[in-house]
Amino acid sequence: MWFTTFSEGVYKYDGSTFINLTTDDGLCSNKINSVIEDEEGFLWFATSKGLCRYDGISFVNFPLPKETKQDISPETGLRTRESEEALSLLIDKKGDLWIGSFRESTVSWFDGKNLPQFHLTKNKILSNYVL
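Conventions adopted
- Starting from 1, residues in each chain are numbered consecutively following that chain's sequence as written.
- Reporting in this predicted model follows two pLDDT cut-offs: at least 70 for local features of residues, and 80 or more for side-chain atom pairs to be given and counted; totals over whole chains, interfaces and linings ignore these cut-offs and use all residues.
- Side-chain calculation: all heavy atoms of the structure are included, whereas hydrogens and water are not.
- Numbering of helices and strands runs from the N terminus, with a helix taken as a DSSP run of H or I at least four residues long and a strand as a DSSP run of E at least two residues long.
- Remark: exposure states derive from per-residue accessible area (1.4 Å probe, protein chains only) relative to the maximum for the residue type, with buried under 20%, exposed over 50%, and partly exposed in between.
- Contacts between residues were defined by any pair of non-hydrogen atoms, one from each residue, lying within 4.5 Å.
- To be clear on the numbers: accessible area is Shrake-Rupley with a 1.4 Å probe, and residue cover counts the displayed protein chains and nothing else.
- Each pair of strands is called paired provided DSSP finds at least two bridges between the two strands.
- Helix axes use the C-alpha atoms of the stretch in contact, all axes being lines fitted to C-alpha atoms, and the angles between their N-to-C directions lie in the range 0 to 180 degrees.
- Two rings belonging to Phe, Tyr or Trp (six-membered ring only in the last case) form a pair when the distance between their centres is within 6.5 Å. Interplanar angles under 30 degrees mark stacking, angles over 60 mark edge-to-face geometry, and anything in between is tilted.
- Counting rule for disulfides: a pair of cysteine sulfur atoms within 2.5 Å.

S.K.: Would you take a moment to explain the overall build of the chain for this structure?
M.R.: Scanning the chain from terminus to terminus reveals zero helices and eleven strands. Helices (α) and strands (β) of the chain occur, in sequence order from the N terminus, as β-β-β-β-β-β-β-β-β-β-β. A burial count over the chain gives 37% of its 131 residues as buried. Counted over contacts in the chain with a minimum sequence separation of 6, partners at least 24 positions apart contribute 38%. When the accessible surface of the chain is totalled, it reaches about 7900 Å², and 51% of it is carbon and sulfur.

Dropping the structure here:
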C-alpha cells in the first residue's frame, strides 16, 4: 500500500514496515497529491513539480507543460493558472494516463513521451483523442 503526504513524500507499507521515499530518493517533490499504478507496474505520482514515475528502483520526472500566451480558459476567457502541479491521475480503459492540474479547464494526457494538454468546455468532447 502507498500513502501520499503534502510534505513528507510517500510511504510504502509492506505489511509490517513503513518505508518513506522523498526527494532525497529521487522523488520529484515531497508534496504528493495522488498515486496510481499502471498495467506495467509503474507507479505514477501527481506532485507539486509535475508527474513522477517510479519503477521500484528509480524515479523519472515529467514536468507539466509551461503556460503559454495561448493558454486561455474557454470557460472564462482568462489566462489559465500558471502551475506545474499535478493534482489527479486516471488510467482509462485503453491504459492511457490522464492528469488533472490546477490549470482551469485543462487536462493532460501522457502519450509515452509528452504531456499534450486539452482545454475542456462544457458539453465538448476531446476531439484530438479517441476514447
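Let's pick the thread back up.
S.K.: What's the story with the sheet that holds strand 7 (residues 59–62) in this structure? I'm lost.
M.R.: Within a sheet, adjacent strands bond to each other through the backbone by hydrogen bonds, running parallel or antiparallel. Read from one edge of the open sheet, four strands run 4-5-6-7, paired in antiparallel fashion. If you trace the sheet from one side to the other, it starts and ends with strand 4 (32–37) and strand 7, each paired once. When strand polarity is set aside, the average angle formed by the axes of neighbouring strands in this sheet is 20°. Note that strand 4 and strand 5 (residues 43–47) share five bridges and pair antiparallel.

S.K.: Which parts of the structure should I look at to understand the packing of aromatic side chains?
M.R.: Two descriptors summarise a pair of aromatic rings, namely the distance from one centre to the other and the angle between the planes of the rings. By the definition in use, this model includes nine aromatic pairs. Here the aromatic rings of Trp44 and Phe62 are separated by 5.8 Å at their centres, their planes lie at 40°, and the arrangement is tilted. On the criterion of sequence distance, the pair formed by Trp44 in strand 5 and Phe62 in strand 7 is long-range, its members being 18 residues apart. Side by side, Trp44 and Phe62 carry an identical accessibility label, which is buried. Centre to centre, the rings of Trp44 and Phe110 are 5.1 Å apart; their planes meet at 55°, and the pair counts as tilted.

S.K.: I keep staring at the state of the cysteines and nothing clicks. Help me out?
M.R.: Such a bond, covalent and formed between the sulfur atoms of two cysteines, is termed a disulfide. Counted according to the given criterion, the structure contains one disulfide. There is a disulfide in this structure between Cys28 and Cys52, and the S-S distance comes to 2.3 Å. Residues Cys28 and Cys52 are joined through a disulfide that is right-handed, its torsion about the S-S bond being 90°. Note that Cys28 is positioned in the loop between strand 3 (18–21) and strand 4 and Cys52 in strand 6 (residues 50–54), a separation of 24 residues in sequence. Exposure remark for Cys28: the relative accessible area of 17% places this residue in the buried category.

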